[in-house]
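Reading the structure
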Amino acid sequence: MIEFLSLKDVNAAYASELKAACARVIDSGWYIQGKELEAFESDFAKACGVQFCLGVANGLDALTLTLRAWKLLGRLTEGDEVIVPANTYIASVLAITENGLTPVLVEPDETLNISPALIESSIGPKTKAIIPVHLYGRLADMPSIMSIAKKHNLLVLEDSAQAHGASIDAKVAGSWGDAAGFSFYPGKNLGALGDAGAITTNDPELATVLKALRNYGSHEKYKNIYQGVNSRLDEIQAAMLSVKLKYLSTDIQSRRKIARAYSDGIRNAAIRLPIQENVSPLDFEGHVWHLYVVRCQHRDALQKHLAASGIQTLIHYPIPPHKQLAYKNWNSQSFPLTERIHDEVLSLPIGPTMTLEDASAVIDACNSFNGLG
Ligand SMILES: *Cc1c(COP(=O)(O)O)cnc(C)c1O
């Protein structure tokens, strides 16, 4: 059986270092907002090429608190519109609605990332921000998006939850926008051993507000300047992340080897590979392959065929946000490309510990799919 991703294997690769880091925290007697967090924040800021990193409890909070901080700073007001891809994971949209802001869903292009042309035509007088999502580990078209944002004076919050270390022209996720939200959910490319997240930014004002917001709105114990929340990144998780950050680029290289094997080996007219046309070799290298997502008109049959060969696959994602019960009022809206994508996508196994032998078995099984199941 070829697992989609074995988290056990992923963490076993660094088990002795993780256990030593864990023991260090236990023995320190200090468990929240201490040296481990400071060290990780400083290392991750450096890795992203930004001045500030603020650890928070998870990726959703990273996005939600950043928008909230912009409201507190007077840069956003309730009712403002925020542009977001229609085919994203629901967290990007929840962060907007949680803040009383209005999401404007925009279709992707064939890269499956948000279409810059459609962003431009969706901008109205109330539009104040864009949340590009670097879906599946590939950076959105940030050069175009940043120039649109500049032209229309919009804030940009990168949803970098799937794109630690991804880049275009060597400029990495988390350093393009005014701020970025990261998730360190265990299955992400940089994963904690529990929940964790972070915000990166070069904006000292934003960083200061966020530092208070995540800790009950307080910079100084028992003095609360905002109605904050409890969204802190524990010392234990920060220590785990510091270990794993050291190996992030090696892990990405391992993922790229699998992705390249798939792209070179899968030859089946019924299966569409992740788009690489119009992409320079440099951009291909900038993809961190959080997910390797193929498209197939007979997706469910393909998934069954692969399962029969002992290959576990997943669907990211089966239902787009506008078709969710949580957003009942939007259910009748139509985003044809988004809906087609959700019917066609299938994520093949990929991970830093996957072997080329396993990749080869996946390739063979894909190539023996008769197109109908
Ligand atoms: C995982 C993910 C999030 C949320 O992260 P959590 O840590 O689970 O809250 C947000 N956006 C995207 C695109 C994600 O994949």
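Residues numbered from 1 in each chain as written. Predicted model: local features only at pLDDT ≥ 70, side-chain atom pairs only at ≥ 80, totals over all residues. Heavy atoms only, no water.

A few points about the site of the ligand
Which entries qualify depends on this criterion: Any residue with a non-hydrogen atom lying within 4 Å of a molecule or strand is treated as near it. Think of a polar contact as two N or O atoms within 3.5 Å of one another; within protein, one of them needs to be a possible hydrogen donor and the other a possible acceptor, and neighboring residues in sequence only count if both atoms come from side chains. Each accessible area is a Shrake-Rupley result for a 1.4 Å probe, and residues are judged covered by the shown protein chains and nothing else. Under the convention adopted here, Pro, Cys and the residues Ala, Val, Leu, Ile, Met, Phe, Trp and Tyr are nonpolar, Asp, Glu, Lys and Arg are charged, and Gly plus all remaining residues are polar.
If you check the shell around the ligand, you find N58, G59, L60, Y89, A91, V133, D159, A161, Q162, S183, K188 and Y317 and nothing else. Within the backbone of L60, an N or O atom sits 2.9 Å from an oxygen atom of the ligand. In this structure, K188 approaches the ligand through a side-chain N or O atom, which is 3.1 Å from an oxygen atom. If the ligand stood free it would expose 380 Å²; the protein chains cover 90% of that surface. Taken together, the residues of the shell around the ligand break down into six nonpolar, four polar and two charged.

Topic: the sheet that holds strand 8 (residues 179-183)
Operational definition: We call two strands paired when DSSP finds no fewer than two bridges between them. Secondary structure is summarised from DSSP: a helix means a run of H or I of at least four residues, a strand means a run of E of at least two, and numbering begins at the N terminus for each. Each axis is a line fitted through C-alpha atoms, taken for helices only over the stretch in contact, and angles between the N-to-C directions span 0 to 180 degrees. The contact criterion used throughout is that any non-hydrogen atoms of two residues lie within 4.5 Å.
Taken in spatial order, the seven strands line up as 1-9-8-5-4-2-3 in an open sheet, and their pairing is mixed. Either end of the sheet is taken by a strand with one partner, and the two such strands are strand 1 (52-56) and strand 3 (102-106). Across this sheet, the average inter-strand angle for adjacent strands is 25°, counted without regard to direction. Note that strand 5 (residues 155-159) and strand 8 share three bridges and pair parallel. The residue bridging E158 from the neighbouring strand is A180, located in strand 8. Across the sheet, helix 7 (residues 142-152) is in contact with strand 4 (127-130) and strand 5; its angle to strand 5 comes to roughly 155°.

Overview of the nonpolar core
Most often, soluble globular proteins keep nonpolar side chains buried together rather than apart. For clarity, the cut-off: Among the buried residues, those of types Ala, Val, Leu, Ile, Met, Phe, Trp, Tyr and Cys that are joined through side-chain atoms within 4.5 Å form a nonpolar core. Buried residues are those whose accessible area, probed at 1.4 Å on protein chains only, stays under 20% of the maximum for their type, while exposed residues exceed 50% and partly exposed ones sit between those limits.
Counting residues in each nonpolar core, the largest one holds 42 residues, and the members touching the most others are F40, F44, I83, I119, F184, L190 and L241. Going through the elements one at a time, helix 3 (35-48), strand 3, helix 7, strand 8, helix 9 (235-246) and helix 10 (248-265) are the ones with two or more residues in this core. When residues in this core are grouped by element, the largest group, five residues, is from helix 3. When sequence neighbours within four positions are dropped, the list of residues in contact with L190 reads F40, F44, H164, S183, F184, Y185, L241, K244, L245 and L248. Residues V56, L101, A207 and Y327 belong to the second largest nonpolar core, which totals 32 residues.

Considerations on the UniProt feature "modified residue: N6-(pyridoxal phosphate)lysine" (unreviewed entry) in the chain
This is how the line gets drawn: UniProt positions are given in the numbering used here, feature names are shortened, and annotations may be inferred rather than shown by experiment.
Under the present numbering, the feature "modified residue: N6-(pyridoxal phosphate)lysine" (unreviewed entry) in UniProt falls on K188. Of note, K188 is situated in the loop between strand 8 and strand 9 (197-201). Judged by relative accessible area, which is 18%, K188 ranks as buried. When residues no more than four places from it in sequence are discounted, the contact partners of K188 are A161, H164, S183 and H290.

Description of the layout of surface pockets
The condition is simple: Buried and open spaces are told apart on a 1 Å grid over the protein atoms alone, a cavity being a set of points where a 1.4 Å probe fits but cannot get out and a pocket being an open set with protein on both sides within 12 Å along at least five of seven lines. Residues with an atom within 4 Å of a point are the lining residues. Grid points are joined across faces, edges and corners, and a volume is the space filled by probe spheres set on the points. An automatic or database domain assignment supplies the residue ranges for each domain.
Size it by volume and the largest pocket reaches roughly 680 Å³. As for the largest pocket, its lining consists of 34 residues, of which Y89, Y185, K188, H290 and Y317 are closest to the centre. At the level of secondary structure, the elements contributing two or more residues to the lining of the largest pocket comprise helix 4 (59-72), helix 5 (90-98) and strand 8. Here the lining of the largest pocket gets four residues from one element, more than from any other, and that element is helix 5. For the lining of the largest pocket, the class distribution of residues is 19 nonpolar, eleven polar and four charged. Residue-level mapping places the lining of the largest pocket at the junction of two domains, with at least three residues from each of domain 1 (7-241) and domain 2 (248-368). Empty space within the second largest pocket amounts to approximately 450 Å³. Taken together, 19 residues make up the lining of the second largest pocket; nearest its centre are Q33, N215, S218, H219 and R232. Elements with a minimum of two residues in the lining of the second largest pocket: helix 3, helix 8 (204-213) and strand 10 (218-220). Here the residues of the lining of the second largest pocket sort into six nonpolar, six polar and seven charged.

Some remarks on the environment of P349
With respect to the element layout, P349 can be found in the loop between strand 13 (345-348) and helix 14 (356-367). Between the C-alpha atoms of P349 and A359, which are ten residues apart in sequence, the distance is 8.0 Å. Apart from residues lying up to four places away in sequence, P349 is in contact with I2, E3, F4, I258, Y262, I311, Q312, T313, M354 and V362.

Describing the domain arrangement of the chain
The figure often quoted for interface size is the accessible area lost as the parts come together. We count it as follows: Summed over both partners, the accessible area (1.4 Å probe) lost when two parts come together is defined as the buried area. Every case where a carboxyl oxygen of Asp or Glu lies within 4 Å of a side-chain nitrogen of Lys or Arg is listed as a salt bridge.
Splitting the chain by domain gives domain 1 (7-241) and domain 2 (248-368). Here the C-alpha centroids of domain 1 and domain 2 sit 24 Å apart. Facing 34 residues of domain 1, the contacting portion of domain 2 comprises 34 residues. For the pair domain 1 and domain 2, the summed buried surface comes to about 3000 Å²; carbon and sulfur atoms form 61% of the total. If you sort the residues of domain 1 by the area they bury against domain 2, E110, Y136 and N189 come out on top, with a joint share of 24%. Ionic pairing is found between E110 and R272, a salt bridge with its closest N-O pair at 2.7 Å. Our count for the contact surface shared by domain 1 and domain 2 stands at 16 residue pairs in polar contact (both at pLDDT 80 or more). Going through the elements one at a time, helix 1 (7-12), helix 5, strand 3 and strand 6 (167-168) are the ones with two or more residues in the side of domain 1 that touches domain 2. In terms of residues, the side of domain 1 that touches domain 2 owes the most to one element, helix 5, which gives four residues. Split by residue class, the side of domain 1 that touches domain 2 holds 16 nonpolar, eleven polar and seven charged.

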